[in-house]
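Results of the structural survey
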Amino acid sequence: MIRKPTLSPSKITTYLACPTKYALTYVDPRGRWYLKSKSYYSFGTTLHAVLQRFHDAGDTGVTTSHEAVAALEESWIDAGYSSQEEMMEAQAEGKAIVADYIEAVQREPVTAKTLFVEKSMRLDMGEFDLIGRIDRVDEREDGTLEIIDYKSGRQAVSESDVADDLAMACYQLMLRAAYPGREVVATIIALRSRSKATASLEDADALTEDLQAIGKEILHRDYENLAPTPKPLCHDCDFLAFCRKNQDFAEAYRPREASDA
Ligand code: SF4
């Protein structure tokens, strides 16, 4: 049986930012030679793993801030840090973040129960399946399903950040399809400050249409003859060395001035 192609919010976001980046990340195997480990991915993945264990009722190993700090040490991912000192600083910050988070959660009154952690979702979009993994789904006392997404890099989050986040919109679409008739909202928690904001998807039909159109474009694009074009994103992109081998790109690309950094 031929499996239907899948697209995730991160694939779609990458394509919308730069089709060449999408091709080098997901289509062209040469792209893997240029990819570098990123400390912020390692940091975020470690924090997510600890919070997943804390909110997973079936996991009794992380129920206190002390256990969370121990779990963070155990599951620490050290890829992408430029020095041991930088890594130790990040680890100390990570320990403080998870400890503060857990103590704050335990001080708050319980108004919801966690239904899932790391919930994989799939939604048939016609030519492709939309897939995604949700950090956590809570059920509030009034029956509303709340998607929770942790952001380890941000200091603050606003309602418009949540409303404009493609992944959060996709997760709401997928959860609504899985639980028809249930109220669904999405919340982002900025772990560094524990600030949070919530929004609800306004027009699911319009999003579905847009996703189907962009999905079709992604799946049928001619990536072999795609020419890279300079954009602000290029300055911090792993594939810059690859794209600079294209003569038109190299002539048009302007390196960032030190004052712009
Ligand atoms: S360097 Fe620029 S054009 Fe090339 S993949 Fe990265 S963002 Fe896209």
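Summarised in this report is the structure supplied together with it. (Residues numbered from 1 in each chain as written. Predicted model: local features only at pLDDT ≥ 70, side-chain atom pairs only at ≥ 80, totals over all residues. Heavy atoms only, no water.)

**Thoughts on the packing of helix α3 (residues 39-55) against helix α5 (residues 84-107)**
Packing of α3 against α5 leaves a shortest axis separation of 11 Å and a crossing angle of 30 degrees. The angle between the axes of α3 and α5 places the two elements in the roughly parallel class. Pair α3 / α5 crosses with right-handed handedness. Contacts from F43, L47, V50, L51, F54 and H55 of α3 reach α5 at A90, E93, G94, I97, V98, Y101, I102, V105 and Q106. For the contact of α3 with α5, the class distribution of residues is 11 nonpolar, 3 polar and 1 charged. (Axes fitted to C-alpha atoms, helices over the stretch in contact; angles between N-to-C directions. Helix = DSSP H or I, 4+ residues; strand = E, 2+ residues; numbered from the N terminus. Parallel < 35°, antiparallel > 145°, perpendicular 65-115°, else oblique. Left-handed = near helix turned anticlockwise from the far one by under 90°. Contact = heavy atoms within 4.5 Å. Nonpolar A, V, L, I, M, F, W, Y, C, P; charged D, E, K, R; others polar.)

**Some remarks on the environment of K21**
Assignment of secondary structure puts K21 in helix α2 (residues 19-27). In this structure K21 touches T14, L233, C237 and F239, once residues within four positions along its chain are discounted.

**Here's the deal with the nonpolar core**
One finds L130, I147, V162, L211 and I218 to be the most contacted residues of the largest nonpolar core, which totals 38 residues. No other element matches the 8 residues that helix α7 (residues 166-178) contributes to this core. Beyond its immediate stretch of four places on either side in the chain, I218 contacts L7, I12, Y15, Y22 and Y223. (Core = buried A, V, L, I, M, F, W, Y, C linked by side-chain atoms within 4.5 Å. Buried < 20%, exposed > 50% of the residue type's maximum accessible area, 1.4 Å probe, protein only.)

**Quick look at the site of the ligand**
Close contacts around the ligand come from 13 residues, with C18, K21, C234, C237 and C243 the closest. Of all the secondary structure elements, the ones that give two or more residues to the shell around the ligand are α2 and α9 (240-243). (Near = heavy atom within 4 Å.)

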